[in-house]
Structures are given as C-alpha cells and as structure tokens.
Amino acid sequence: MTALNTLHRLFSRPHLRLIAIVGVIVPKRLRADWRQEWEAELRIREQRLADWDRLDTWERWDLLRRSSSAFWDALSLQRQRREEDVVQDLQFGLRMLAKSPTFTCVSVLTLAIGIGANTAVFTIVNALLLRPLDGVAEPDRLVQVGRQFPDKTYLSDSSYPDYVDYRSQNTVLSGLAAIAPRAFHVTARQTTERVEGELVSSNYFDVLGVTAARGRLMAPDDDRAVNGGQEVVLGYRFWQRSFDGDPSIVGETIDVDGYPFTVIGIASESFAGTKIGTPRDVWVPLVSVRRTDPAVAGRLRQRMPSWLEMIGRLKPDVTVDQARAELTVIARRLVDTYPDTTVRAAVGVEAGIGRDVDVQRAIRRFVNVPFVAVVVVLLIACANVAGLLLARAASRRKEIATRLALGAGRIRVVRQLLTESLVLAFIGGAGGLVVGRWLTTGLRTLLPERYLFLSFNVDFSPDWRVFAYTFGVTTITGVLFGLVPALQGSRANLVAGLKGVSASETRRSVGIRAGLVIVQVALSMVLLVTGGLCVRTLFNVTAIDLGYRAGSVLTARLDLAKQRYNEVRGRLLHQQLLARVQALPGVGAAGFAVTLPLNDGRWEDGIRRQGDTTRVQTFLNVISPGYFDALSIPRIAGRVFSDSDDRNAPTIAIVNQTLARTLWRDESPIGKRVSMKGQSLEIVGLVSDIKGRNLLEPAGPILYVPLWQSYQPNVILHVRASAAPMSLVADVRRQLHELDKDLALYSVAALTDHVSATLTPQRLLAYLVGGFGMLALLLAAVGLYGLVAYTVTARTSEIGIRMALGARRSDVVGLFVGGGMKMAIAGVILGAIAASGVTPLMRNLLFGVSPLDPQTLIVVSVALLAVTLAASSLPAQRAARSDPKLALRCD
Amino acid sequence: MGKGFVSLAAATILNAVANGFSFGFDIVDITGMPGGTVYPALRRLEEAGYLTSEWEKQRVAQSELRPRLKYYAITESGRQVLVAAVKRYRLLDQAQLARLRDPKSSRA
C-alpha cells in the first residue's frame, strides 16, 4: 500500500515534485525563497488552467515542461554557492589524509599503479590511433582523393594528367597536391645516404599548411618557373641527424640521385610527411623527374598509371560528401573524354589523413585485451583502497556520529567523505601520470620499428588527450572506491557510534571487505590465467620451426637502382661483393636474395607446367649461389645454383616441396620444366619448405630463380656468421666501400630481429597481460594482508581470551590463516569459473594451447594460493606473538 | 561591457516590468522566454539595482489558496538603462511597445 502511495505522491503534481528535486542543488540559504518563487508560479498556472484532475495531458505536460526549466535557473545559482562549503571539505579532507600517513601512502601508491597502468595503455593507443597528423594546419579539413576500384577497400593512386584535371576543374577544394613516395640517394658534404622522401607537386606545403623551420618551402607557382624543379626541402630530423642542424645548408647545392638540387629550406620540427610513423626526410619537386628520371618522366603524360597519391583541403563550408559528389562528376567526365587512355574507376574521397583504415582496424582489434587487463587492475586497486577506507571509517565513527547528532544532513556527511576520496584519488592520479610515463617507456622497448604495415615510429609523449583521460579515470575511480565507504560510514547509528566501535558495524564492514578481497582474488585469477595462456602461446610460437636457421644471420639491403648502375655493371658488382664477403674471416656462407625469407617483398607470380595452361600462383625469390647455405636450408634433391649458371647457361629454377607437390604431386620435380612470363625454366633442385611472414600458417610454394640470370638492382645480402652477426657489419661495409665508395648498405639487422618482429602481437600480449596479471596478484595480496591484519587488531581481546583459555599460538595463527585462505579459495574458484567463461573469447589469439587448458589453471591456482598463504600468515604470526595479558586489557 | 550594458533578453524583461508585468510568470508568458532564462535575468537585474522585488501580502495569497508571489518593480536607474537599451535594440521599440500598450488585454 505504501509503495502505491509513494508512487501516487510522486506522480501527482509531478511539476511541483520536480521543483523539490531540482531544489536540492540550489545553495541552501537560497533554497527556500527559490522554491517559493517557482512553486508559486506553477501553482498560479495550474489554477488558471483548472483543477489538476481536469487538466488534459497536454496541459499537464506543459506544466512539467515549465518546471523543468527551473533546472537551468538552479544551475545559474551555483555561482552563489558559498565556496566556503567546498573549500572547507577540501581542507578537512587534506588534514585527515595528513593525519594518517601510512594509509595515505599505501592508498596513493595503489591508486598510482592502477591509474598509471591505464594511462600507459591509453598513451600508446593515443599515439597509434588518435593523435592527428602533426605539423599541418587543420588536419580535419584534409582529405585523401584517389581512384576507387570496386574490389578494393582502400583508395588507389592516380595519374598525373588526371591529377592536373582534378586540380583545375574542381570548386570544392582550396588545393590539391600530388605525392609519390620514393627513396633517394642524397649526397652532401662528402657523405651519401639513402633516405625516404617524396616527389611532390609544388603546392604540397601550401595545401598542408606546413611552416618552415629555416629558409622557405616550395611555393605553389614553383612548378611553372623556368628553372622549376631544382629545389628541395629537407626534413627537420634529417637536417639534425646528418647536417648537425647547420643552418648554412640552406642555399647549398646537394646531389639527389646524382643530380644537383638546391636546398631552399627545412620543414618545421613537427612535420614529417603525411603518413604517421613513416617520417620523410626530403621533398623533391615532381616535375624534376623530367630532368632526372626519363622513365618516370614519361609517366607524366600518361593517364593510365596509378602512382600518385592526392591530398586536398576542403574549402571552408564544404563537406566530404559534397567534395565526393563533385569529384565523381569530374571523374565521369574524364572517362568520357578519354575513354581509351584513362582508367575506368570511380573516384574516392576520404576524410582524415595519416593512418590507413586497415591499420586502425588492426590496432583496435588488438588493443581490447590489454585494455580490459588494465581496467581489471584498476578495479582491484579500487577495491583495495575501498577496503582501507572502510577500516578507517570504522575508526572515525565517533567523529561522524557527533556531526550527525549536531544536525549535519547525511548528504552533507556523505559529500564530505566523498570529497576526501576524490582528493585521495587525485593525488593518486598525479602519481599515476608518473607511473604511466615509466610504463609507457618500458612498453616501448617491446615494440619493434614496424610490424607489417604498422609503423611504431610515432610520438609517444602525452598530449591533452592523455591528461583528459587520466582526469576522467581518476574521477571515476574516486567515486567508485569512495561511494560505498562514504555511504557505509555515514549510517546514522548515533548512540552506538558515540559510544565507540560496535561489534555489528565491524562485522558488517569486515564482511564487505571480505567480499572485496574475494572479488580481487577472482579478478587476479582471471588475469593470470589469461596471461598464462598468452605466455604459453608466445613460447609455442617462438618454438615453431622456421625451416631455416635465423640465428647468426646478418641481413643488409643494397640498392643499385639509383646509382647509375646498368645491368652489366650491377651484375659485376654483385659478383665481386659476394666473393669478397664470402672470403671474410668469420663468414660461414653468404648469398643474395630479393626478399627476406619472411616474404616481406611478397613477390608472386603465375607459372605453368610446361605445356599446361593452368596457372599456379607462387612466391618468387631471385637468389645468388650461397643463399641456401647462408640460411641453412637443406637441399632435398638435385643441386643448387652455382656461378656457372649465368646469362649464357640454360634458364633454370629450384622449387620447394610445397610447389613441387602442387605441380607434380609425388613425382620428382628434377628435370621437369615450367614456364613463367613466357620463359621456359628447367627445375634442377628441390629444397625444403620454409615458413613465410605468418609463422602460424603452413609454408607457401616458392620458386627460386638465379640472380646471375635475372638481374635485380635491389637485393638483400644474407651472411651467416660463425659468431655474432652484427660484428661483421663493419667488415662488410668496408668491402662494399672498396668497390664503390658512393654505395651504402641500409636496413642492416640480424635476421632474428626481423623474425621476432613478426611475433610482436604475441609478445606484446604475453608481456602485457602476464605483467598486469602479476601486478593484480600483488595488489590482491596486499588487500588480503590488510584485511587479515585488520581482523587481527579488531579481535585482539578474543585472541587474549582464547590464549588465556589454553589455545596455543599455532591455533591462533591457524585461525587467521584459515580465515584468509577461505577467502582466497573462494576467490580462486570464482576466478576459475569466470576465466573459463572469458578465455574462449580469446581463442583466435592463442596458438598451441586450448583456452580451457587445465595445466595453466592449476599452475596459476597453486601460485595464487601460495601468495595468499604468505599474505595471510604474516599478520597472523604477529597476532600469535602478542602477549595475552595485554590483549585482554585493551578494548 | 560598460556600465549599464544589458543584453537584449534582459532589456526585453526590463521593458516588460516597466510596462506593468510584475510577476515572473507573466513575464515568461509575454516574452515567450522560458523560466530558466527569465528568473536568473530578474535576479541579475535586481542585483544590478535596476529592479526591486517584494513578496506579495500573505493575505492576498491566502485568499486565493496559493503560495505568495514575488513581484518586481523598475527603479530609476533601471529606467535610464531601459531608455538606452531601447535606443540600441531598436526592435524593442517598434514591435514590443505597440503590443504592450494595453497590458491587461494580454492577460487571458
């Protein structure tokens, strides 16, 4: 009956009730007048309209609507709230925290760890996903423009004539720039360096809104100048790195790919190109290829080739959709005007530059697990601090009861306790920023330079987003751990409170704390099991047989394409270099290939059995003699390439087992022939399979072709060392330098580094989840320790009685350890059940281990129980050492 | 903001009070602005000294069985500010004044 009455009261005259509710936030001294004013108005209206019961729905709704605008009025009165209230709470809170330094320190540390872990993960996500491109003006007004082929999700490049037409015919973009990423050999002041740069239209910097750190940048009209195309802009990092930041480089003439260019300026420090993670070192005018590269210059006149990225800036009031619509019209016009020479593709316009959509998707998918892990760690930290606060509230019962007795509303007391919690949270949050910084730096060491198409060469410093996120997390944390203790601590049991600690209150608060500990243990269990599975996955993946030996192998890239080496000179250089390197002491074997065994280059082609029409897709690698030795890939049948397999010899090839099986089933491939791109090749050897880029997938088919027969200017040198591979770097470099001092090796690394980079996700998961799991366990153990210590102190008199009645010390210890372990076991069981529900969701992240792997569960349970045993026994031991007489005497 | 600057909303409300609409809800009705705008503006104008307020007599309210209403009156400085505002916000002059010439007729 009373429930109905309450409802009736609530809903009759809801507009007046709303005033009462909103009135809660009006400062107290203004409240009565305020309510009077609003209620009077609403009542008058009500009377004017009719009796409440005779009002129709619209009229009732209108009254409600009017009273709801009282909310804005109440908000405006917040300014008049005597700041004294809030400041008073803050001062009191700080004083109380200073009075109990141990509590404050432990809590702040716990919170700093929990919040810091979240900050660290968010910092990394921010750097990889959220941060807009640096160094450009208004990046949200920039769009990518490109050809949209029906079967591809991403935009493709365009051609130069198409670009010129888009640029001149559109009215939606204030500028459209064309970009072609390219590697250049830059020679200046006696040194040559291979750098990543871009060929750009002269309005590139103007469209992007980049500023110059020194000198000037390309101006939009430079293209048309008579001498246009002879200037370059250097990147800031490149300038610092290779020219020591010497300002006199501006105006100097340098060599780019062997042709002279003038340095007109340095780009600003924050700008490094339009692809986050791939910094560019030099920008060269697109039109300069007329002078330096006739092959590419021919492309300037052709509409078909796809080689230019386009970035445009939307005019002030133009939307992406409008731009897309107009550019589509232009695209159709181009197809109609040049039906034979232009590509039949739609044009695509995408907002946002700097990151690939695929990259973003991949990161988002991966980041879920670590994110959940840190949230769990934070929850455990909150539970710890909540428990500590509960204990503290019990000891402040007298103070709170006095306040309540003197007339403070319960809400006031709750507000004050919450303020204390928030102060604690914010101190912890400040610590969290520091911890987060450390963690971020530590996590960065786990990241390689790049993983597939993802570059980790980004700025990980915290920006406003990180601070805002930390602020938000801190506030939520404060409310989360502060609410229950505040509500609990303000319960109006005045008489008992004034007298001191009551048994039932203690029991209730201990009960809540015990519940918290059980939840903490359960959460740690889930994290540890997940972490354990990730660690096992990492082990399994690292143990996969690659098919070749990566240890002790050095790899280095050599690019002859730019250095005016034709085929004859290039082949000669390759042969000489290889001979020299093979002769070096400490070198077991050496060979060239065009792609790493990881198939980074993804060379694929279609081949046919001789006389057959069906094409078979296969990976292709062009290698020199010595390659299989360098990688220790066993030969199964036939022979390997030798120096006599050159231009004058018959064209041959070697297949791996998978390819042989695909083409000829169980027959021996030796002597059979295949045809590729019109060429006929005889198979002379069969080698063992090797794993490609994805170690988890079976090996793919590989066709090996001799480098001496099929010259490639861009090759990778593989050197097997008898000792540490990197120790050979200097010697190898010297050999190359002796042959041609203008050449340089780049991308020099041990093969194991490349291999371990492919395992980045597994490694990250194992470290992150495993690490956070152990952190969670530590926090839970601390929570358990605190609780057991508290119960020991609270039950001191009981201990005294028991010991006086003849209990031995070991019995007392057993009592408390038993209590602690009961909680731990409950937590482990709860955690095991929860883990079994959660881990199957991670199935596709695991390898070689089932999500419900019993071994992991058992090992983790045992470890958890051992740690909790230690956490319970320490305080219990202390209890046993106390003197029973003293225990009885204290209250 | 110089002394005596009022926003258009505040000037409208001042105008309403000057033309005889003394009660908050009357001003809400006649100006069409919501209570959440009118009431804070009334308080601000009172703080600035352009309006004074009084609670109506208890007897009047009791006889009509409702809580007391607060009613506002314009002060001398308020009138000066209104004159200046009407000059600045010329729309106030034309549209409002004609309608407000007979306040009683708008009270339905």
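Being a predicted model, the structure only gives us computed values, none of them experimental. (Residues numbered from 1 in each chain as written. Chains lettered and ligands numbered in written order. Predicted model: local features only at pLDDT ≥ 70, side-chain atom pairs only at ≥ 80, totals over all residues. Heavy atoms only, no water.)

Draft legend 1. Representation of the overall build of chain A in the model. In terms of regular secondary structure, chain A is built from 29 helices and 23 strands. Along the first, second and third principal axes, the C-alpha atoms of chain A reach 105 × 80 × 60 Å. Here chain A, with 891 residues, has 51% of them falling under the buried criterion. Sequence-distant contacts, at least 24 apart, represent 80% of the contacts inside chain A between residues at least 6 apart. Between the averaged position of the 103 positive side-chain charges in chain A and that of its 79 negative side-chain charges there is a distance of 9 Å. (Helix = DSSP H or I, 4+ residues; strand = E, 2+ residues; numbered from the N terminus. Buried < 20%, exposed > 50% of the residue type's maximum accessible area, 1.4 Å probe, protein only. Contact = heavy atoms within 4.5 Å. Lys, Arg positive; Asp, Glu negative; His and termini not counted. Charge placed at Lys NZ, Arg CZ, Asp CG, Glu CD.)

Draft legend 2. Spotlight on the overall build of chain B. The secondary structure content of chain B amounts to seven helices and two strands. Listed by position from the N terminus, the elements making up chain B come as α-α-α-β-α-β-α-α-α. Counting over 108 residues, chain B shows a buried share of 44%. Put simply, 57% of the contacts in chain B that link residues at least 6 apart link residues at least 24 apart.

Draft legend 3. Looking closely at the nonpolar core. Residue and element names in this part refer to chain A. In terms of nonpolar packing, the biggest core is built from 72 residues, with M525, L527, V529, F772, I799, F816 and L864 touching the most fellow members. Looking at this core, the elements that each hand over two or more residues are α7 (101–130), α14 (357–395), α19 (503–542), α25 (760–794), α26 (796–804), α27 (809–838) and α28 (854–880). At 15 residues, α25 tops the list of elements feeding residues into this core. Grouped together as the second largest cluster of nonpolar side chains are 47 residues, L308, L314, A323 and L327 included. (Core = buried A, V, L, I, M, F, W, Y, C linked by side-chain atoms within 4.5 Å.)

Draft legend 4. Spatial organisation of the packing of aromatic side chains. All names here are of chain A. Overall, the coordinates contain 19 aromatic pairs over all chains when judged by the stated rule. Here the aromatic rings of F71 and W72 are separated by 5.4 Å at their centres, their planes lie at 70 degrees, and the arrangement is edge-to-face. An aromatic cluster is built from Y204, F205, F271 and W283, whose rings are joined through pairwise contacts. The aromatic ring of F261 is capped on one face by R291, whose charged end is 4.5 Å from the ring centroid. Here the basic side chain of R513 rests over the ring of Y790, its NZ or CZ set 5.0 Å away from the ring centre. (Phe/Tyr/Trp six-rings, centres within 6.5 Å; stacked < 30°, edge-to-face > 60°. Lys NZ or Arg CZ within 6 Å of the ring centre and 35° of its normal.)

Draft legend 5. Structural view of unusual backbone geometry. All names here are of chain A. The phi angle at S552 is positive, at roughly 70 degrees, despite the residue not being glycine. Secondary-structure assignment places S552 in the loop between α19 and β13 (553–559). S552 sits in the partly exposed class, given a relative accessible area of 31%. Despite not being glycine, S632 shows a phi value in the positive range, around 55 degrees. For S632, the location among the structural elements is in the loop between α21 (627–631) and β17 (635–638).

Draft legend 6. How the structure looks around a nonpolar patch on the surface. Residue and element names in this part refer to chain A. Taken together, the side chains of F371, V372, V375, L379 and L480 define a hydrophobic patch exposed on the protein surface, amounting to about 400 Å² of accessible area. Element by element, the count of residues in the nonpolar patch is highest for α14, at four residues. Of note, F371 is situated in helix α14. The exposure class of F371 is partly exposed, given its relative accessible area of 37%. (Patch = residues over 30% accessible without salt bridge, like charges linked within 9 Å, V, L, I, M, F, W, Y side chains within 5 Å. Areas by Shrake-Rupley, 256 points an atom, 1.4 Å probe, with all protein chains shown as cover. Salt bridge = Lys/Arg side-chain N within 4 Å of Asp/Glu carboxyl O.)

Draft legend 7. Highlighting the pattern of salt bridges. Applying the stated criterion to the full structure yields 41 salt bridges over all chains. The closest approach of N and O atoms between D321 of chain A and R324 of chain A, which form a salt bridge, is 3.0 Å. Note that D321 of chain A and R324 of chain A are positioned in helix α13 (residues 320–337) at a spacing of three residues, about one turn of the helix. By relative accessible area, D321 of chain A is classed as exposed at 52%. Three or more residues joined by partner-sharing salt bridges are found here, namely E41, R45, D62, R65 and R66 of chain A together with D29 of chain B.

Draft legend 8. Seen up close, the confidence of the model for chain B. On average, residues of chain B carry a pLDDT of 80, and 81% of them reach 70 or more. Overall fold confidence for the complex sits at a pTM of 0.73, while the interface term, ipTM, reaches 0.72. (pLDDT = per-residue confidence, 0-100.)

Draft legend 9. View of the interface of chain A and chain B. The interface is formed by 20 residues belonging to chain A together with 22 residues belonging to chain B. Both faces considered, chain A and chain B share a buried interface measuring about 1,800 Å² in area, 51% of it formed by carbon and sulfur atoms. The three residues of chain A that bury the most area against chain B are Q36, E37 and I44 of chain A, which together make up 30% of that side's buried surface. At the boundary of chain A with chain B, the tally comes to four salt bridges. Taking the shortest distance from any N to any O, the salt bridge between K70 of chain B and E37 of chain A comes out at 4.0 Å. (Buried area = accessible area lost by both parts, 1.4 Å probe.)

Draft legend 10. Summary view of the pairing of strand β1 (residues 142–148) of chain A. Residue and element names in this part refer to chain A. Of all the seven residues making up β1, five are buried; the element is thus mostly covered by neighbouring parts of the structure. Alignment of β1 against strand β10 (residues 346–351), held across six bridges, turns out to be antiparallel. The partner of Q148 across the bridge, within β10, is A346. (Pairing = 2+ DSSP bridges.)

Draft legend 11. The packing of helix α8 (residues 160–169) of chain A against α13 of chain A, seen in detail. Residues and elements named next belong to chain A. The geometry of α8 relative to α13 is characterised by a closest axis approach of 10 Å and an angle of 130 degrees between their N-to-C directions. Viewed along their axes, α8 and α13 adopt a mutual orientation that is oblique. The two elements α8 and α13 cross, and the hand of that crossing is right-handed. Residues D162, D165, Y166 and Q169 of α8 pack against E326, L327, I330, A331, R333 and L334 of α13. (Axes fitted to C-alpha atoms, helices over the stretch in contact; angles between N-to-C directions. Parallel < 35°, antiparallel > 145°, perpendicular 65-115°, else oblique. Left-handed = near helix turned anticlockwise from the far one by under 90°.)

Draft legend 12. Representation of the environment of V434 of chain A. If you trace the backbone, V434 of chain A turns up in helix α16 (residues 410–444). For the pair V434 of chain A and M823 of chain A, spaced 389 residues apart in sequence, the C-alpha separation works out to 33 Å.

Draft legend 13. Main features of the state of the cysteines. All names here are of chain A. Considering all chains together, one arrives at zero disulfides over all chains under this definition. Not part of a disulfide, C105 finds its nearest cysteine sulfur in C382, a span of 18 Å. Classification of C105 by relative accessible area gives exposed; the value is 54%. A relative accessible area of 4% means that C382 is categorised as buried. (Disulfide = S-S within 2.5 Å.)

Draft legend 14. Expanded view of the environment of F772 of chain A. Residues and elements named next belong to chain A. Assignment of secondary structure puts F772 in helix α25. With relative accessibility at 5%, the residue F772 sits in the buried group. As for F772 and Q617, which are separated by 155 residues in sequence, their C-alpha atoms are 44 Å apart. With residues up to four places along the chain from it excluded, the contact list for F772 reads A117, V121, A373, V374, V377, L439, L527 and Y767.

Draft legend 15. Quick peek at helix α17 (residues 464–489) of chain A. Taking 1.5 Å per residue, 26 residues should reach 38 Å; α17 of chain A reaches 36 Å between its end C-alpha atoms and fits that length. At G482 of chain A, α17 of chain A shows its largest bend, some 40 degrees, and a proline, P485 of chain A, comes one to four positions later. (Expected span 1.5 Å × (residues − 1). Bend = angle between axes of the 7 residues up to and from the residue.)

Draft legend 16. The side chain of S524 of chain A, seen in detail. All names here are of chain A. Mapping S524 onto the fold places it in helix α19. Since its relative accessible area comes to 0%, S524 is described here as buried. Setting aside its immediate chain neighbours within four residues, S524 contacts I380, A776, L777 and A780.

Draft legend 17. Layout of the pairing of strand β18 (residues 652–656) of chain A. Residues and elements named next belong to chain A. Among the five residues of β18, five are classified as buried, and the element is accordingly described as predominantly covered. Side-chain alternation along β18 places I652, I654 and N656 on one buried face and A653 and V655 on a second face that is also buried. Strand direction decides the pairing type here: β18 and strand β20 (residues 679–687), joined by five bridges, are parallel. Among the inter-strand pairings, V655 is bridged to a residue of β20, identified as L686. Pairing geometry for β18 and strand β21 (residues 702–706), over two bridges, is antiparallel. Paired with V655 across the strands is L703, a residue of β21.

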